[in-house]
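Here is how the chains run, residue by residue.
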Amino acid sequence: MAMATLRFIGRKIVLGKQGPGLAAASTLRRALATTVGSVDKQKRLLTVRWSDKSRRDSLLPLAWLRDNCQCSACFHPDTLSRLQLMENFDPKIGADSVQFDDASKTCSVTWSDGHVSTYKYDWLMRRSFDSESQQQRSLWYSGKHELWGSDYAIRRHPFDQLMKSDSSLLQFLNDMEAFGLTVVEGAPIAGTEGLRAVTDLCNRVAFPMETNYGTTFTVKSKLNPSNLAYTPARLGLHVDLPFYKDPPGIQLLHCLAQSNNITGGENFFSDGFHAANLLKVANSDAYKMLTTRLVDFYDYETDHLADFHMLCRQRVISLTSDGEYEMICYNNQVRDTYLNMPADQVQLFYDALKAFDTLLHGEQCSVSTKLKEGDIVTFDNRRVLHGRNSYTVHGTAERHLEGAYLRWDEVYSRIRRLEESVRSRQP
Ligand SMILES: [Fe+2]
Ligand SMILES: [Zn+2]
């Protein structure tokens, strides 16, 4: 078996020509207080042992290193985008030498075509391929959820504070990510300032998501209502707009008027992921049904924007490919009269839906609150279901909420940038 030829020049590794059937690993001398590396030419992998012993060894594939050269010919420094074209990229390119410089904390690789790539140590450490580093990175993608039941005390955040302080805003968004239900209190209610407060809050976070109900929507009892929310009827626990392929991420409802002359109208909420966990244990057949069967949701109406006929098939409980909860999509008000499943499955489907709905509304899951004027209740519309008791208005009193939506993509983006500026967390 041919062996890799290695020479050591100080801390520089010079690698010989790569022949067929090379030995599994070519190990370098491990100096005590210097950063050293070893290249496995067969696996095309550079392993780096850092002089900082508190750091884990980094695993860095050669193809990935070449792909991510940070020089200005390969990577645009202003747009932070890859300039190198895949058509010019050789994923099997050889590395002639690897050099570590602990003074400048940089690692340089000289490739077989003469190109030299230089990487900062901390940049490489954060991108290591060991499972612990990759798990750490995954936290930037998936929500850090803390599931709750009926004993959840809804987190409250003062409107003024999060409008002016970035660390308060970050705290609010971290609570939204973890619990998916908070109240922002003390928002203005009078005049145009009151009317635009929910938009101002959206703009402080990102920007409102426009839907078939507009950029914002007004929840009041209306003549000729286009949505059941615009009547005084009781609304069972639901998510909004399940007839979108990508339903809104966060819903915000700003209470502008809720007089003492109104009986009822309390809001209630339930953590759908928590209820799904309970269902999985109590009734695995129902859980299987709701995580697999597609259900039709629709919206056929005319609102001030347009005539619309929205349609989407969704699983009531959506799981990711890793089996984690992705989204709850359940809204009995706009579940279509068409039911796209074999007739012999229909009874089982209703039994499953009834079991889930009972858990959601049950005393283990549901929390209730009556919004005060100036409260903006904000909730994860893809996880936390909301409902409302019917209400009766006495005299001329009015119940008035202004609503808006945000997308999680933009909210997560905001969280990451705030983590960077407030907590100096590097991307
Ligand atoms: Fe709703
Ligand atoms: Zn380059």
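Every chain's residues receive numbers from 1 upward, in the order its sequence appears when written. Chains and ligands are labelled by the order in which they are written, letters from A for the one and numbers from 1 for the other. Where totals are concerned, whole chains, interfaces and linings use all residues; where local detail is concerned, this predicted model gives features only for residues with pLDDT of at least 70, and gives and counts side-chain atom pairs only at 80 or more. As a rule here, side-chain values come from all non-hydrogen atoms in the structure, and water together with hydrogens is ignored.

- As recorded in an unreviewed UniProt entry, the chain goes by Gamma-butyrobetaine dioxygenase and comes from Macrostomum lignano.
- UniProt positions are given in the numbering used here, feature names are shortened, and annotations may be inferred rather than shown by experiment. Here is the UniProt Pathway (unreviewed entry) comment for the chain, exactly as written: "Amine and polyamine biosynthesis; carnitine biosynthesis."
- Checking UniProt for the chain, the heading Sequence similarities (unreviewed entry) contains the comment "Belongs to the gamma-BBH/TMLD family."

## Re the pattern of salt bridges
- One side-chain nitrogen of Lys or Arg within 4 Å of one carboxyl oxygen of Asp or Glu is enough to make a salt bridge. In this structure the tally under the stated criterion is 19 salt bridges.
- In this structure, the salt-bridge partner of Arg-382 is Asp-246, at a minimum N-O distance of 2.7 Å. Placement of the pair is Arg-382 in the loop between strand S23 (376–380) and strand S24 (384–388) and Asp-246 in the loop between strand S14 (235–238) and strand S15 (250–258), with a sequence separation of 136 residues.
- Here Arg-382 falls in the buried class, since its relative accessible area comes to 17%.
- Residue exposure (1.4 Å probe, protein chains only): buried if accessible area is under 20% of the type maximum, exposed if over 50%, otherwise partly exposed. Judged by relative accessible area, which is 42%, Asp-246 ranks as partly exposed.
- Of the charged contacts in the structure, one is a salt bridge between Arg-313 and Asp-296, with a shortest N-O distance of 3.2 Å. Secondary structure is summarised from DSSP: a helix means a run of H or I of at least four residues, a strand means a run of E of at least two, and numbering begins at the N terminus for each.

## A short note on the coordination of the zinc ion (ligand 2)
- Each metal's donors are the N, O and S atoms found within 2.8 Å of it, except that Na, K and Ca use a 3.2 Å limit; water is left out, so coordination can look incomplete. For the zinc ion (ligand 2), the protein coordination sphere consists of Cys-69 (SG), Cys-71 (SG), Cys-74 (SG) and His-115 (NE2), at 2.1 to 2.3 Å.
- Within one chain, the residues donating to the zinc ion (ligand 2) are spaced in sequence as C-x1-C-x2-C-x40-H.
- Taking the relative accessible area as the measure of exposure, Cys-69 reaches 1% and is therefore buried.

## Some words on the sheet that holds strand S17 (residues 267–271)
- Taken together, four strands build an open sheet; the order of strands is S14-S24-S17-S22 and the sheet is antiparallel. What marks the edges here is a single partner per strand, and that holds for S14 and strand S22 (367–369). Pairs of neighbouring strands in the sheet enclose a mean axial angle of 20°, with direction left out of account.
- Where S17 and S22 come together, three bridges link them in antiparallel fashion. What makes two strands pair is DSSP finding at least two bridges between them. For helices, the fitted line uses only the C-alpha atoms of the stretch in contact; every axis is such a line through C-alpha atoms, and the angle between N-to-C directions lies from 0 to 180 degrees.

## Here we look at the UniProt feature "domain: Gamma-butyrobetaine hydroxylase-like N-terminal" (unreviewed entry) in the chain
- On the UniProt side, "domain: Gamma-butyrobetaine hydroxylase-like N-terminal" (unreviewed entry) is annotated at positions that read residues 39–124 here.
- In residues 39–124, helix accounts for 12% and strand for 38%; the two terminal C-alpha atoms are 15 Å from one another.

## Considerations on the nonpolar core
- Grouping buried Ala, Val, Leu, Ile, Met, Phe, Trp, Tyr and Cys residues that are joined through side-chain atoms within 4.5 Å yields what is termed a nonpolar core. Counting 58 residues, the largest nonpolar core has Leu-181, Leu-279, Leu-290, Ile-317 and Phe-356 as its most contacted members.
- Judged by nonpolar contacts, the second largest core, of 25 residues, contains Leu-162, Leu-169, Ala-404 and Leu-406.

## Brief notes about the sheet that holds S23
- One open sheet holds the six strands; their spatial order is S11-S12-S23-S15-S26-S13, and the pairing between them is mixed. Single-partner strands in this sheet number two, and they are strand S11 (155–158) and strand S13 (217–219). Across the sheet, the mean angle from the axis of one strand to that of its neighbour is 25°, orientation sign disregarded.
- Across four bridges, strand S12 (residues 181–185) lies against S23 in antiparallel orientation. Across the sheet, residue Leu-181 finds its bridge partner in S23, namely Phe-379.
- Sheet contacts for helix H5 (residues 166–179): S11, S12, S15 and S23; angle to S12, the most-contacted strand, approximately 150°.
- Only heavy atoms enter the contact rule, under which two residues are in contact if any of them lie within 4.5 Å. Together, S12, S15, S23 and strand S26 (399–406) form the strand contacts of helix H7 (residues 197–205), whose direction differs from that of S26 by roughly 20°.

## Topic: the packing of helix H8 (residues 272–282) against helix H9 (residues 284–292)
- Where H8 meets H9, the closest approach of the two axes is 5 Å, and the angle between their N-to-C directions is 130°. In terms of their interaxial angle, H8 and H9 are classed as oblique. Every residue of H9 that contacts H8 at Ala-276, Leu-279, Lys-280 and Ala-282 is listed here: Ser-284, Ala-286, Tyr-287 and Leu-290.
- Polarity classes work like this: nonpolar for Ala, Val, Leu, Ile, Met, Phe, Trp, Tyr, Cys and Pro, charged for Asp, Glu, Lys and Arg, and polar for all others, with Gly in that last group. Here the residues of the contact of H8 with H9 sort into six nonpolar, one polar and one charged. We call two directions roughly parallel when the angle between them is under 35 degrees, roughly antiparallel when it is over 145, roughly perpendicular when it lies between 65 and 115, and oblique otherwise.

## Some words on the packing of aromatic side chains
- Any pair of Phe, Tyr and Trp rings, taking the six-membered ring for Trp, is counted once the centres come within 6.5 Å. Such a pair is stacked with planes under 30 degrees apart, edge-to-face with planes over 60 apart, and tilted for the rest. In total, this model carries 14 aromatic pairs according to the counting rule given.
- Centroid distance Phe-243 to Tyr-244: 6.0 Å. Interplanar angle 40°. Geometry classified as tilted. By the burial criterion, Phe-243 is buried, and Tyr-244 matches it.
- With a centroid separation of 5.2 Å and 20° between ring planes, the pair formed by Phe-273 and Tyr-325 is classed as stacked.

## Quick notes on the coordination of the iron ion (ligand 1)
- Here the iron ion (ligand 1) is held by His-238 (NE2), Asp-240 (OD) and His-386 (NE2), and the distances to it run 2.1 to 2.2 Å.
- Donor residues for the iron ion (ligand 1) sit on one chain with the sequence pattern H-x1-D-x145-H.

## Details of the pairing of strand S4 (residues 45–49)
- Of the strand pairs in this sheet, strand S3 (residues 36–40) and S4 are connected by five bridges, and their pairing is antiparallel. Paired with Val-39 across the bridge in S4 is Leu-46.
- Hairpin connection, S3 to S4: the antiparallel pair is bridged by four residues, and Arg-44 has positive phi, about 55°.
- Bridge count for S4 against strand S5 (residues 58–61) is four bridges, and the pairing is antiparallel. In the strand pairing of S5, Leu-46 is matched with Leu-60.

## Overview of unusual backbone geometry
- Of note, the phi angle at Lys-105 is positive, near 50°, even though the residue is not glycine.
- Tracing the chain through its elements places Lys-105 in the loop between strand S8 (95–101) and strand S9 (106–111).
- The exposure class of Lys-105 is partly exposed, given its relative accessible area of 49%.
- Backbone geometry places Leu-241, a non-glycine residue, at a positive phi of 55°.
- Within the secondary structure, Leu-241 is located in the loop between S14 and S15.

## Some words on helix H11 (residues 408–423)
- Take the residue count of a helix, subtract one, and multiply by 1.5 Å to get its expected span. Along its 16 residues, H11 runs 21 Å from first to last C-alpha, staying within 8% of the 22 Å computed at 1.5 Å per residue.
- Taken residue by residue, H11 has Trp-408, Val-411, Tyr-412, Ile-415, Leu-418 and Glu-419 as its buried positions. End-on, the buried residues of H11 take up no more than an arc of 120°, which puts them together on one face. Along H11, the residues that are exposed and aim more than 90 degrees away from the buried face are Asp-409, Arg-417 and Ser-421.
- In this structure, the buried side of H11 is in contact with H5, H7, S15, S23 and S26.
- Looking at the residues trailing H11, positive phi occurs at Ser-424, about 50°. Picture the helix axis, draw a direction to every C-beta atom, and the arc is the one those directions span.

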